[in-house]
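# Overview (structure and organization)
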Amino acid sequence: MPFLLWGRYVMIKGMLINDYSHSAPMYAKKILIIIRGTASSGKSSVCELLIEKPSIPFILFSMEDILFFHMLPKKYLVNGAQNKEGYWIERNSQGHIEKVYASEWGQKIYLIHESTLFNYTQAGMNIICDGNFCHKESLLSLLKYVPDDYKIYIFSMMVPLETLENREKERGLERVVGFARHQKTSSDALNYVDDLTISVDALTSVIDTTNKIWKFYETHEGNTKEEIIKKVHQNN
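Residues numbered from 1 in each chain as written. Predicted model: local features only at pLDDT ≥ 70, side-chain atom pairs only at ≥ 80, totals over all residues. Heavy atoms only, no water.

Quick look at the overall build of the protein now. Summing up its helical and strand segments, the protein has 9 helices and 9 strands in all. The buried share of the protein, taken over its 236 residues, is 44%. Taking the contacts inside the protein whose residues are at least 6 apart along the sequence as the reference set, 73% of them involve residues at least 24 apart. Looking at the protein as shown, the accessible area adds up to about 13,000 Å², and 55% of this sits on carbon and sulfur atoms. (Helix = DSSP H or I, 4+ residues; strand = E, 2+ residues; numbered from the N terminus. Buried < 20%, exposed > 50% of the residue type's maximum accessible area, 1.4 Å probe, protein only. Contact = heavy atoms within 4.5 Å. Areas by Shrake-Rupley, 256 points an atom, 1.4 Å probe, with all protein chains shown as cover.)

Okay, here's the thing in structure tokens:
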């Protein structure tokens, strides 16, 4: 059935698109798949393949876009001009990243973007979410916008530091050299929340990684939000 897309409202089967909370579509199974790991671990490449796997629609929700790509002028990004109106980094005497900062404006942009997940979950949409989620606080913050009746899967890629740093150098301006090193220790330490942690090296194909994730998803029920939160707090 055709519908008006570019008018003020979108009408689909008699329902305004901003009435998304009234009822979930038939294909909405209320599934959230989280793909986490350090920068340059291959999350985005896996997600691009993974989202084509299901027979029902999923959407891709990226928490990395706000820091690296697409959403902001380059001068405000962590790989930009170190603009203290956006995001910037601090390195130690060895050149390793010690801290990543966000201005008040930068923090608001990140939190607003994260909160838009609520609109999709209220509609019961199936979601694949990629992001660093190297700290339990970032994972718990995301879960605030996920209803209790969702089934949640968490996967991560564990990649050797040498491979990560080689990828950063190969990608040039798309990446900040040292970001993966900065995130790796905390990301690996959070593996206890994963349903499946996949060891990935320079020879591991994106297809193989995607297939492992998909096989696990098809053969396991997933966790409730309560179960994940309990798991996080039990390992304090």
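In this model helix H8 (residues 206–219) runs 20 Å from its N-terminal to its C-terminal C-alpha over 14 residues, within 8% of the 20 Å that 1.5 Å per residue would give. Looking at the buried side of H8, the elements it contacts are strand E3 (31–36), helix H1 (43–50), strand E8 (151–158) and strand E9 (196–199). (Expected span 1.5 Å × (residues − 1).)

As a further point, take the side chain of Thr-210. With respect to the element layout, Thr-210 can be found in helix H8. Within the structure, the side chain of Thr-210 is placed 2.8 Å from the backbone oxygen of Val-206, a separation counted as a polar contact. Beyond its immediate stretch of four places on either side in the chain, Thr-210 contacts Val-46, Leu-49, Leu-50 and Lys-53. (Polar contact = N/O pair within 3.5 Å; in protein donor to acceptor, adjacent residues only side chain to side chain.)

For the rest of this paragraph, the subject is the environment of Ile-128. Checked against the element boundaries, Ile-128 lands in strand E7 (residues 127–131). Taking C-alpha positions, Ile-128 is 5.9 Å from Leu-32, a pair spaced 96 residues apart along the chain. Contacts of Ile-128, omitting those with residues within four sequence positions, involve Ile-33, Ile-35, Cys-47, Leu-50, Ile-51, Phe-58, Ile-59, Leu-60 and Phe-61.

Now for the pattern of salt bridges. All chains considered together, the criterion is met by 7 salt bridges. Among the salt bridges present, the one from Lys-30 reaches Asp-149, with a minimum N-O distance of 2.7 Å. Here Lys-30 is found in the loop between strand E2 (15–16) and E3, whereas its partner Asp-149 is found in the loop between helix H5 (136–143) and E8, with 119 residues between them in sequence. A relative accessible area of 25% means that Lys-30 is categorised as partly exposed. Taking relative accessible area as the criterion, Asp-149 reaches 45% and is therefore assigned partly exposed. As a salt-bridge pair, Lys-151 and Glu-221 come within 3.2 Å of each other at their nearest N and O atoms. (Salt bridge = Lys/Arg side-chain N within 4 Å of Asp/Glu carboxyl O.)

This part is about the sheet that holds E7. With parallel pairing, 5 strands are arranged side by side in an open sheet as E4-E7-E3-E8-E9. Looking at strand neighbours, the two that pair on one side only are strand E4 (59–62) and E9, the edges of this open sheet. On average, each strand axis in the sheet is tilted by 20 degrees relative to the strand beside it, whichever way the strands run. For E3 and E7, the ladder comprises 5 bridges, and the chain directions are parallel. Looking at the pairing, Ile-35 lines up with Asp-130 of E7. Its contacts with the sheet place H8 against E3, E8 and E9, and it is angled at close to 155 degrees to E8. (Pairing = 2+ DSSP bridges. Axes fitted to C-alpha atoms, helices over the stretch in contact; angles between N-to-C directions.)

This paragraph deals with a nonpolar patch on the surface. There is a patch of nonpolar side chains on the surface, built from Leu-49, Val-206 and Ile-207 and spanning about 240 Å² of accessible area. Among the structural elements, Leu-49 can be located in helix H1. (Patch = residues over 30% accessible without salt bridge, like charges linked within 9 Å, V, L, I, M, F, W, Y side chains within 5 Å.)

This part takes up the packing of H1 against H8. The geometry of H1 relative to H8 is characterised by a closest axis approach of 9 Å and an angle of 60 degrees between their N-to-C directions. Relative to H8, the crossing made by H1 is right-handed. Contacts from Ser-45, Val-46, Leu-49 and Leu-50 of H1 reach H8 at Val-206, Ile-207, Thr-209, Thr-210, Ile-213 and Trp-214. A per-class count over the contact of H1 with H8 returns 7 nonpolar, 3 polar and no charged. (Left-handed = near helix turned anticlockwise from the far one by under 90°. Nonpolar A, V, L, I, M, F, W, Y, C, P; charged D, E, K, R; others polar.)

Here Ser-186 lies in helix H7 (residues 179–189). Among the polar contacts made by the side chain of Ser-186, one reaches the main-chain carbonyl oxygen of Gln-183 at a distance of 3.0 Å. With near-sequence residues (within four places) excluded, Ser-186 lies in contact with Cys-134 and His-135.

Once that is clear, we can look at unusual backbone geometry. Non-glycine residue Lys-30 carries a positive phi angle of around 60 degrees. The phi dihedral of Phe-133 falls on the positive side, at around 40 degrees, and the residue is not glycine. Residue Phe-133 is classed as buried on the basis of its relative accessible area, which comes to 4%.

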